[in-house]
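# Tertiary structure, described
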Amino acid sequence: RKEVEQDPGPFNVPEGATVAFNCTYSNSASQSFFWYRQDCRKEPKLLMSVYSSGNEDGRFTAQLNRASQYISLLIRDSKLSDSATYLCVVIGDSNYQLIWGAGTKLIIKP
Amino acid sequence: EPEVTQTPSHQVTQMGQEVILRCVPISNHLYFYWYRQILGQKVEFLVSFYNNEISEKSEIFDDQFSVERPDGSNFTLKIRSTKLEDSAMYFCASRWPAGGIQETQYFGPGTRLLVL
């Protein structure tokens, strides 16, 4: 089983719509979770950390479900500029090593 | 805003040659990382470095690879005797040792390595 799994997509979504991604992780001892955004041929950039209580940053909401070992990202009122690959990242159990999902590609259409 | 820089942005080399990828982490950061991403695939951890030594490495990071912090600013990844399958984007990252496990790694723009 992969350590971090994501639906690769692509998700084709009209501008203004709401879109949600899920990600599952295999290590129940994982403590820290992140969503990164990666534009084509660019470096990953931190979008938001995911806290146990869930957190929101503008149009973006992240939630963690420890019992089912998944995290989610919700994007409301999607913009064309949201088109990117969204990477689910989990900190492994040692030395802050980031374990990456393969990413979900999002395409926002006008 | 401080940023991680990497040079070169692109590197083309012949199979069997040695390459050195360079990174300048953010100046007050203490933990350094190398990742790679083969085109179309996920980001993979290679190695972490702290206090002038490797703190953790993945299975990918075999004897072909080495890292060094030759001075107070640079952090290098050397790949000896490159193979075709080493072609990838190589990202350097650094972080400040924040309290607790929540932390942010800042990524450089990457070096795209092509082995012919």
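Quick summary incoming for the structure in this document.

## Overview of the overall build of chain B
- When its secondary structure is counted, chain B shows zero helices and 11 strands.
- Reading the secondary structure of chain B in the N-to-C direction produces β-β-β-β-β-β-β-β-β-β-β.
- Computed over the C-alpha atoms, the radius of gyration of chain B is 14 Å, within 12% of the 13 Å expected from 2.2 N^0.38 for a compact globule of 116 residues.
- If you line up chain B on its principal axes, its C-alpha atoms span 45 × 30 × 30 Å.
- In chain B, which comprises 116 residues, the proportion classed as buried is 47%.

## Concerning the sheet that holds strand S6 (residues 55-57) of chain A
All names here are of chain A.
- Overall, antiparallel pairing links the five strands, which are arranged S1-S3-S8-S7-S6 in an open sheet. Pairing within the sheet leaves two strands with one partner each, and these edge strands are strand S1 (4-6) and S6. Averaged over all adjacent pairs, the angle separating strand axes in this sheet is 20°, with direction ignored.
- Here six bridges tie strand S3 (residues 19-25) to strand S8 (residues 70-75), and the two strands are oriented antiparallel to one another. In the sheet register, Phe 21 faces S8, and the bridge partner there is Leu 73.

## Considering the state of the cysteines
Residue and element names in this part refer to chain A.
- If you walk through the whole model with that rule in mind, you get two disulfides over all chains.
- Note that Cys 23 is cross-linked by a disulfide to Cys 88, the S-S spacing being 1.9 Å. Taking the torsion about the sulfur-sulfur bond, which here is approximately -70°, the covalent link between Cys 23 and Cys 88 counts as left-handed. One end of the pair, Cys 23, is in strand S3; the other, Cys 88, is in strand S9 (residues 84-91), with 65 residues separating them in the sequence. Judged on exposure class, the residue Cys 23 and its partner Cys 88 are both buried.

## Some thoughts on the pairing of strand S5 (residues 45-50) of chain A
Residues and elements named next belong to chain A.
- Direction of pairing for strand S4 (residues 33-38) relative to S5: antiparallel, over a ladder of five bridges. Among the inter-strand pairings, Phe 33 is bridged to a residue of S5, identified as Val 50.
- From the end of S4 to the start of S5, which pair antiparallel, there are six residues, and Arg 41 there has a positive phi angle of about 60°.

## Things to note about unusual backbone geometry
- The omega angle of the peptide bond from Gly 9 of chain A to Pro 10 of chain A is 5°, so this bond is cis rather than trans.
- The amide bond that connects Thr 7 of chain B to the next residue, Pro 8 of chain B, takes the cis arrangement and shows omega of -10°.
- Turning to its location among the elements, Pro 8 of chain B is positioned in the loop between strand S1 (5-7) and strand S2 (10-13).
- Even without a glycine there, the phi angle at Asn 52 of chain B is positive, about 65°.
- Position of Asn 52 of chain B relative to the elements: it lies in the loop between strand S5 (43-50) and strand S6 (53-57).
- With a phi angle near 45°, Ser 81 of chain B is a residue other than glycine that sits in the positive phi range.
- Position of Ser 81 of chain B relative to the elements: it lies in the loop between strand S8 (75-79) and strand S9 (88-95).

What counts and what doesn't
Residues numbered from 1 in each chain as written. Chains lettered and ligands numbered in written order. Predicted model: local features only at pLDDT ≥ 70, side-chain atom pairs only at ≥ 80, totals over all residues. Heavy atoms only, no water. Helix = DSSP H or I, 4+ residues; strand = E, 2+ residues; numbered from the N terminus. Rg over C-alpha atoms; globule rule 2.2 N^0.38 Å. Buried < 20%, exposed > 50% of the residue type's maximum accessible area, 1.4 Å probe, protein only. Pairing = 2+ DSSP bridges. Axes fitted to C-alpha atoms, helices over the stretch in contact; angles between N-to-C directions. Disulfide = S-S within 2.5 Å.

That's the geometry; what it means functionally is another story.
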